[in-house]
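# Secondary and tertiary structure notes
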Amino acid sequence: MQQLGLEKYAPVFAGYTELRAHENHTVSIGFLKGNNVRNVKSTISGVSARVYQHGSWGFASSADFTDDSIRQVIKAASANAAFLDRKQNKGKQSLPARPIRAEHDYSTAKPRLTQKQLIEFVKQIDQYIAGKYPDLASRYVSLNCLDMEKLLLTSDGSYSYSLNPRSLISISFTMDKGGNPIELYDIFGEQGQFEDVFGDPSDLYPDIDQLYEQLRHKVEGVYAEPGIKDCILDADLGGILAHEAIGHTTEADLVLGGSVAAKFMDKQVASPLVSLVDFAHHALGKACPMPIFVDDEGTEAEDAVIIDQGILRSYLHNKESALHYGVKPTGNARAWSFADEPLIRMRNTAILPGKDSLEAMISSIDDGYYLIRPSNGQADTTSEFMFGVVLGYEIKNGKLGRAIFDTTISGVAFDMLKTVTMVSNEMKWLVSGMCGKKQPMPVGMGGPAIKCRVNIGGR
Amino acid sequence: MKERDILSYTLEKLKAKGMDASCSLDQSTKYEMNVETGKITLIRTVFNNGLSLYAIKDSKSGSYSVNKLDRETIDEAISTVIEIAESSEPDPAHAIAEYQPSGAFSAGSREPDQELMYTRLEAFLDQVRTKYPKIMLENAYFDFTHGTRYIANTNGTDFTTEKGIYRFTSMFSGHDGDQSSSFNYTGYSTQELDRELLAYGSLESLLKQSSEQITTQALSGKFVGDVVITPDCLSDFLGYVFGITIYDGALISGTSVYKDKLGHQVADPRLVIHSRPVSPEVPDGYFITGDGYRAENCTIIDRGILKTFLLTLYGANKTGLKRAVNNGGCYVVEPGDKPLDEIISQIERGILIARYSGNYPSQNGDFSGVAKNSYYIENGKIQYPISETMVSGNLISMLQNIIDISQERVSFGSGIYPWIAFSEVTISGK
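Residues numbered from 1 in each chain as written. Chains lettered and ligands numbered in written order. Predicted model: local features only at pLDDT ≥ 70, side-chain atom pairs only at ≥ 80, totals over all residues. Heavy atoms only, no water.

### Considerations on the overall build of chain A
- A tally of helices and strands in chain A yields nine helices and 26 strands.
- In summary, chain A has a C-alpha radius of gyration of 23 Å against a globular reference of 23 Å for 459 residues, a match within 12%.
- Across its three principal directions, the C-alpha atoms of chain A cover 70 × 55 × 40 Å.
- Considering only intrachain contacts with a sequence separation of at least 6, the fraction spanning at least 24 residues in chain A is 75%.
- In the form shown here, chain A has an accessible surface area of approximately 15,800 Å², with 49% of it arising from carbon and sulfur atoms.
- Positive and negative charge centroids in chain A, built from 47 and 56 side chains respectively, lie 3 Å apart. (Helix = DSSP H or I, 4+ residues; strand = E, 2+ residues; numbered from the N terminus. Rg over C-alpha atoms; globule rule 2.2 N^0.38 Å. Contact = heavy atoms within 4.5 Å. Areas by Shrake-Rupley, 256 points an atom, 1.4 Å probe, with all protein chains shown as cover. Lys, Arg positive; Asp, Glu negative; His and termini not counted. Charge placed at Lys NZ, Arg CZ, Asp CG, Glu CD.)

Written out as C-alpha cells, the structure reads:
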C-alpha cells in the first residue's frame, strides 16, 4: 500500500484534504456441530478523499487504486465540497491541525498460516468439545480475523501508515433443558494477527472447560428478580458501561446533537471513585486492545480523560468539533472502510481500577447480583443505558448463589455512576468490542469490577 | 474485460479445475447527503465494485470476495478461492443452484435527481424546525444507491439485476431547556421522491412523539400487563423471532423451538406474515437469493400456522427440509380488523412500546430490555410517556397471546407492519 506514493497527489489538493488508501482483510471460519459451515475470506480496499470548504464537506471514494481513479476521487470530493459550500455558505474557519508522520505496523513477523492450518486449528477445538462434552445440544466455534490497513495523507502535513489486526475465537454452547435451549458463549483473542495471538488449540481448553461449567450452572439457574438491586458489574460489563453509557454521550458530535453531557461539563457525574479515560494506544503501561496513534484526519491521538474522580472533564473530538469548542482535537476520528468518512469514535474506553478486592465486594452485598458477561448494549443521549447479560449469579448474604438466565440491566448512567461504592483493583479488557454508529468499528473497552445499584430485568 | 466476460472467464477457470462454482459481480454508485445537528454537512459519492466467488470440489467449499475487477486481482481471487475450498472439511450438503432460465430484472432509476434530493432535504429541515421546534436532529442520511449485479454459475444460471433506490434515515430527540427525550430513529426506502420526506413511513408521527416525550414518568413496581408494539418496533421483534427459529443456524443446530412445528399452529390464527421481496408494495426488495435462485414471494405464517422455514440450499441439504423460495425479510403483515384507538381503548393496564432497547433474545425466545420512547396505558387511554421501564417476556409465547392487530399499517419500503397488542408481558419500573 505504501507503494501508492500518495504524496505525489498533494499538488492536486484544493483546500483542506484527506486522502486515504484503506484495505480491510477478513478471514472467517466456523464449525457448527462439527460442520464446517463457514470458510470465507475477503479483501475490500480502495481510496477516498474528503475535502473541507468553510464548514462544508465533500467525500468521494473508489475501489480502484489507479492513478486516474485517485485523481478522480480527489476531484469528485472537491466538487462535492464546493457544491455544498455554495449552497450552505457556512463561512467557518480553517480546521485545527496537529500533524504527525508515523508508521505503526502490527503485522506478524512469523510465517503466516494457511487457510487449511487455520481450519485445522478451529476443528481441533471443536473436536475437543465434541469429545469431552457430548451432552451439549449444539456448539459453534468460529474464528474471525480482521486486518485494517491504512495509508493517509492530509493537506496540513500528516502522513501515516498503520496495519491494525485483531484475531478472535468465539465459542458458543447450547444445552437442552426439557426442550428449552440454554446458551452461553465467550470470546477469546486480542489485537494482533492469528500467529501472534494463538499458540496451540489446547491453550484454550481451560477456558472451554470453564465455559461448560458456567453453562451447567446457568441451566440450573433462575430468572432474576426485577427491580433496582445492588450489583457487581464485572470488568466486561464495566467496560461496556464505559463505552456505551458514558463514552457515546461524550462524543462531541452527539453532544452537539443533544446529548445530556452538554450540560454536565466540569460537574459531578459520578462517584469520586470513578475515573474514566478513552485511551489512545497505551493504558497503565500496557498496549491497548485497539491502539490508535494517528486518527483518520491525521491527528496525533492522545488520551481523553472523560471523567476525573467523578467530574466530567472532556469530550471526544475530531478536528471540526475541536474547532467548535476551541480545544485540541483528541484524535478520535476513524473510518471503517475506504468508502466511509471518518466519524468521532472511541478507541479504548475504560474505568480506572480502584483499591477493593472482588471478594470483599461480593461479601459486602446481602441481596444482589454478580453480573459477569455482557451480550449487546445500547445507550441513549440521555445516558439511559441497557446491556444484555448472559452470565451472572445471585449474591445472597455475601456469597455467590444460583446462576441467572439471560437478562438485561438498565439505568441512567450519570445517576447510576453516583451509586458506585466500590471499585476493584483488577483491570481487564473486553477483547471483542465492536461499536456501531453508522459504521461498525473495532474498539477496546475495559475496566475493573464496580459495585453499584442498577435496574435488572427479570420475571 | 466487460462484466459478463469476467464472469465467464472466472467460471471457466474454476470449472477447468473441476469445481462447481458461482460468481456474482456488483457495480454500485451511492450519492449521500449527511445532516448533523440539523444542518447538511457532507455530500458523499461512493463508487464500488464487488466480485464474490463460491467454489466446491469434492464436497469442500470456500468463498472469497474482492472489490477490484482488474485481470491480476481476478486471477488471484480464482487461486485464492480454490485454496480456500480445498482447505475446508468436506460436507456433501454444499451445492450451487441448479440451472434456471436466464433472466434480467430491474427496478427504480439509474440516476438520482440530486437537485430534488437537496430540495427535499432542505424542505425537511425547514419543516422540522417550524413544525417541531423542540426537535433536535442528531443526524440524517439521505442517499440514492444504484447497483447492477451479474450472477452466474457453472450450472448455467445467468441473471442480471439492476436497482435504484432512495433511502432515508434520521435520529432525533426532543429538547426543552435542560430536559430531553430519549433519541428515536426511523427510516424508509422509496423508488420515487414524489412526496415530502416527512410524508414517508412513520417519520412524522415519531417526531411528534419525541416532542411530547421530553417530560416522562418512571413506572414503579412490577406488573404483568398488555403491550402494544408499534410498526417500527414490530419489525425488530419479527426479525428476532425468525432469527432464532426458522433460519439455517437454528435448524442445523437443532436449537429452534419451531424445528418440529412446520404446518403447526405457532401463533394466533389472526396472524398472517408474508415475505415479499418481489412485490411493488416492497420497493426495497431483491430479485435473486443469496444462493442463486430467482426469489419468489411466500407466506411464512398463515392464520397462525408456520408454512415455511427460511432455509438456504445448504441448510435444506443439511436438514433434509425444503429450501425456502427467498431469504426472508421484506415482511408484510396482514392488517387486523380494529382501529388502533379501539385496541388501546380495551387495554386496562399496559404500555405502548415504540422502541425496544434490549438483549438479543435467547434461543428459547426469552427477552428483556428497556421500553424506550414508550407510553403508559391505563383504563383504555394513553396516560403519559414513560422512562426507565423494563419489559420481559417470551417471543414464542407472545405470538400466541395476541390481543388484536390494527387496521392501520406503516410501509417502510422494506416491509409493511401494523400495530399488534400482546398480553402477559412483565413490565417493571424503578
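### Focus: the interface of chain A and chain B
- Contacts between the two partners involve 82 residues from chain A, matched on the other side by 78 residues from chain B.
- Taking both partners together, chain A and chain B bury about 6,100 Å²; carbon and sulfur atoms supply 49% of that area.
- Counting across the interface, chain A meets chain B through eight salt bridges.
- Taking the shortest distance from any N to any O, the salt bridge between Asp 380 of chain A and Lys 372 of chain B comes out at 2.9 Å.
- Our count for the chain A to chain B interface comes out at 49 residue pairs in polar contact (both at pLDDT 80 or more).
- With 12 residues, strand 2 (residues 35-53) of chain A is the largest single contributor of residues to the side of chain A that touches chain B.
- In the sheet, strand 2 of chain A pairs with strand 3 (residues 60-66) of chain B via four bridges, with the strands oriented parallel. Considered in strand 3 of chain B, the bridge of Ser 42 of chain A is made with Ser 65 of chain B. (Buried area = accessible area lost by both parts, 1.4 Å probe. Salt bridge = Lys/Arg side-chain N within 4 Å of Asp/Glu carboxyl O. Polar contact = N/O pair within 3.5 Å; in protein donor to acceptor, adjacent residues only side chain to side chain. Pairing = 2+ DSSP bridges.)

### Overview of unusual backbone geometry
- Here Asp 266 of chain A, not a glycine, exhibits a phi torsion of approximately 65°, which is positive.
- Within the secondary structure layout, Asp 266 of chain A lies in the loop between helix 6 (252-256) and strand 9 (276-279).
- Taking relative accessible area as the criterion, Asp 266 of chain A reaches 49% and is therefore assigned partly exposed.
- Positioned with a positive phi, Asn 379 of chain B is a non-glycine residue whose angle comes to about 50°.
- Residue placement: Asn 379 of chain B occurs in the loop between strand 18 (374-378) and strand 19 (381-387). (Buried < 20%, exposed > 50% of the residue type's maximum accessible area, 1.4 Å probe, protein only.)

### Thoughts on helix 5 (residues 235-247) of chain A
- Taking the largest bend as the criterion, helix 5 of chain A deviates by roughly 25°, centred on Leu 241 of chain A.
- Across the 13 residues that make up helix 5 of chain A, a large majority, 13, are buried. (Bend = angle between axes of the 7 residues up to and from the residue.)

### Some remarks on the domain arrangement of chain A
All names here are of chain A.
- In terms of domains, chain A is made up of domain 1 (2-219) and domain 2 (227-456).
- Put simply, the middle of domain 1 and the middle of domain 2, counted by C-alpha atoms, are 22 Å apart.
- Contacts between domain 1 and domain 2 engage 56 residues on the former and 44 residues on the latter.
- Taken over both partners, the interface formed by domain 1 and domain 2 buries close to 3,900 Å², and the fraction arising from carbon and sulfur atoms is 57%.
- For the interface between domain 1 and domain 2, the tally reads seven salt bridges.
- For Arg 373, the salt bridge identified is with Asp 186, shortest N-O distance 3.2 Å. (Domains from an automatic or database assignment.)

### Some details on the side chain of Ser 42 of chain A
- With respect to the element layout, Ser 42 of chain A can be found in strand 2.
- A polar side-chain atom of Ser 42 of chain A sits 2.6 Å from a polar atom in the side chain of Thr 26 of chain A.
- Filtering out sequence-adjacent residues up to four positions away, Ser 42 of chain A remains in contact with Asn 24, His 25 and Thr 26 of chain A together with Tyr 64 and Ser 65 of chain B.

### So, the nonpolar core
- Leu 271 and Ile 351 of chain B are the most contacted members of the largest nonpolar core, which totals 60 residues.
- Setting aside anything within four residues of it in sequence, one finds Leu 271 of chain B in contact with Ile 301, Asp 302, Arg 303, Gly 304, Val 333, Leu 399, Ile 402, Ile 405 and Ile 420 of chain B. (Core = buried A, V, L, I, M, F, W, Y, C linked by side-chain atoms within 4.5 Å.)

### With respect to the pattern of salt bridges
- Tallied over the entire structure, the rule returns 52 salt bridges over all chains.
- Among the ionic pairs, Glu 18 of chain A bridges to Arg 50 of chain A, the shortest N-O distance being 2.9 Å. Here Arg 50 of chain A lies in strand 2 and Glu 18 of chain A lies in strand 1 (residues 16-32), a separation of 32 residues in the sequence.
- Residue Arg 50 of chain A is classed as buried on the basis of its relative accessible area of 5%.
- Salt-bridge contacts for Arg 110 of chain B lead to Glu 162 of chain B; the nearest nitrogen and oxygen are separated by 2.2 Å. Of this pair, Arg 110 of chain B sits in the loop between strand 4 (103-107) and helix 3 (114-131) while Glu 162 of chain B sits in strand 6 (residues 158-176), and the two are 52 residues apart along the sequence.
- A relative accessible area of 55% means that Arg 110 of chain B is categorised as exposed.
- Salt bridges sharing partners connect three or more residues here, namely Asp 340, Glu 341 and Lys 438 of chain A together with Glu 32 and Arg 44 of chain B.

### With respect to the domain arrangement of chain B
Residues and elements named next belong to chain B.
- Each domain of chain B was delimited in the assignment, giving domain 1 (3-212) and domain 2 (216-430).
- Once you take the C-alpha centre of each, domain 1 and domain 2 turn out to be 24 Å apart.
- Taken together, the contact pairs 36 residues of domain 1 with 24 residues of domain 2.
- Of the roughly 2,400 Å² buried at the junction of domain 1 and domain 2 (both faces included), carbon and sulfur atoms supply 52%.
- Put simply, domain 1 and domain 2 have three salt bridges between them.
- Between Lys 318 and Asp 91 there is a salt bridge, with its nearest N and O atoms 3.1 Å apart.
- Joining domain 1 to domain 2, the criterion identifies 19 residue pairs in polar contact (both at pLDDT 80 or more).
- Elements with a contribution of two residues or more to the side of domain 1 that touches domain 2: strand 4, strand 6, strand 8 (184-190) and helix 4 (203-212).
- Across the side of domain 1 that touches domain 2, the residue classes break down as 14 nonpolar, 16 polar and six charged. (Nonpolar A, V, L, I, M, F, W, Y, C, P; charged D, E, K, R; others polar.)

### Some remarks on the state of the cysteines
- Within the structure shown, the criterion is met by zero disulfides over all chains.
- As a non-bridged cysteine, Cys 452 of chain A has Cys 231 of chain A as the owner of its nearest cysteine sulfur, 6.3 Å distant.
- Under the relative-accessibility criterion, Cys 452 of chain A is labelled buried at 2%.
- Unpaired in this structure, Cys 233 of chain B has its nearest cysteine sulfur neighbour in Cys 330 of chain B, at a distance of 20 Å. (Disulfide = S-S within 2.5 Å.)

### Some details on the environment of Asp 337 of chain B
- Tracing the chain through its elements places Asp 337 of chain B in the loop between strand 14 (331-333) and helix 8 (340-345).
- If we skip the residues at most four places from it in the chain, Asp 337 of chain B touches Asp 404, Ile 405 and Gln 407 of chain B.

### A few points about the sheet that holds strand 13 (residues 311-312) of chain A
Residues and elements named next belong to chain A.
- Read from one edge to the other, the open sheet built from six strands follows the order 13-12-9-16-25-22, with strand pairing classed as mixed. Each edge of the sheet is formed by a strand with only one pairing partner; in this case those strands are strand 13 and strand 22 (428-430).
- Sheet topology note: the strand 9/strand 16 (residues 348-351) ladder contains four bridges and is antiparallel. Residue Val 277 lies in a different strand from strand 16, and its bridge partner there is Ala 350.

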